Amino acid sequence: QVQLVESGGGLVQAGDSLRLSCEASGRTFSSWAMGWSRQAPGKERDIVAAITGNGRDTYYGNSVKGRFTISRDNAKNILYLQMNSLKPEDTAVYYCAPSKSGDYPSANIYDYDYWGQGTQVTVSS
């Protein structure tokens, strides 16, 4: 059984930075691509970033490209999302999950499961 615990969210102002963390257990962490998704009230959950098991290949959604950086520490079983130049439209609950497709950093939300409880990010203007 996969367990995921996201942390690092908070209330910040536009232009600020945050780093989210996702601690994973219950699966060989380095064997699987991992993704970060977000869901704002009234909107669908979308993948914003994903990374292969070895960290060499990544995917970023257009809305976060150049501002967010996904990374992982396989020795500690932790996934990160560094978020810079935050905008009010980044306000959402952020979730992490392993890919169901093995080591492919899919942009498709349906390729992920075992979502954690999420961490709230609120960006004020």
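Definitions and cut-offs
Residues numbered from 1 in each chain as written. Predicted model: local features only at pLDDT ≥ 70, side-chain atom pairs only at ≥ 80, totals over all residues. Heavy atoms only, no water. Helix = DSSP H or I, 4+ residues; strand = E, 2+ residues; numbered from the N terminus. Buried < 20%, exposed > 50% of the residue type's maximum accessible area, 1.4 Å probe, protein only. Contact = heavy atoms within 4.5 Å. Areas by Shrake-Rupley, 256 points an atom, 1.4 Å probe, with all protein chains shown as cover. Lys, Arg positive; Asp, Glu negative; His and termini not counted. Charge placed at Lys NZ, Arg CZ, Asp CG, Glu CD. Core = buried A, V, L, I, M, F, W, Y, C linked by side-chain atoms within 4.5 Å. Disulfide = S-S within 2.5 Å. Phe/Tyr/Trp six-rings, centres within 6.5 Å; stacked < 30°, edge-to-face > 60°. Lys NZ or Arg CZ within 6 Å of the ring centre and 35° of its normal.

Draft legend 1. How the structure looks around the overall build of the chain. The secondary structure content of the chain amounts to zero helices and ten strands. Seen in sequence order, the chain has helices and strands lined up from the N terminus as β-β-β-β-β-β-β-β-β-β. Projected onto the principal axes, the alpha-carbon positions of the chain cover approximately 40 × 25 × 25 Å. The proportion of buried residues among the 125 residues of the chain is 45%. Across the chain, contacts joining residues at least 24 apart in sequence account for 59% of those joining residues at least 6 apart. When the accessible surface of the chain is summed, it comes to about 6,300 Å², and 44% of that surface belongs to carbon and sulfur atoms. Distance between charge centres in the chain, computed from 12 positive and 12 negative side chains, equals 2 Å.

Draft legend 2. Main features of the nonpolar core. Trp 36, Ile 70, Leu 79, Leu 81, Met 83 and Tyr 94 are the most contacted members of the largest nonpolar core, which totals 27 residues. Taken together, the elements giving at least two residues each to this core come down to β3 (18-25), β4 (34-39), β5 (46-51), β7 (68-73), β8 (78-83), β9 (92-98) and β10 (119-124). Element by element, the count of residues in this core is highest for β3, at four residues.

Draft legend 3. Up close: the state of the cysteines. Under the criterion given, the structure shown has one disulfide. For Cys 22, the disulfide goes to Cys 96, at an S-S distance of 2.0 Å. The disulfide joining Cys 22 to Cys 96 has a torsion of about 60° about its S-S bond and is therefore right-handed. Here Cys 22, found in strand β3, pairs with Cys 96, found in strand β9; they are 74 residues apart in sequence, far enough to count as distant.

Draft legend 4. A look at the packing of aromatic side chains. Applying the stated rule across the entire model yields two aromatic pairs. Ring plane angle 75° and centroid distance 6.4 Å describe the contact between Tyr 95 and Trp 115, whose orientation is recorded as edge-to-face. Remark: Trp 115 occurs in the loop between β9 and β10 and Tyr 95 occurs in strand β9; sequence separation between them is 20 residues. Residue Trp 115 is classed as partly exposed on the basis of its relative accessible area, which comes to 26%. Taking 6.1 Å as the distance between ring centres and 40° as the angle between the ring planes, the aromatic pair formed by Tyr 112 and Trp 115 counts as tilted. Residue Tyr 112 is classed as buried on the basis of its relative accessible area, which comes to 3%. Put simply, the rings of Tyr 95, Tyr 112 and Trp 115 touch in pairs and so form one group of aromatic residues. Lying across the ring of Tyr 95, Arg 45 places its NZ or CZ 3.7 Å from the centre.

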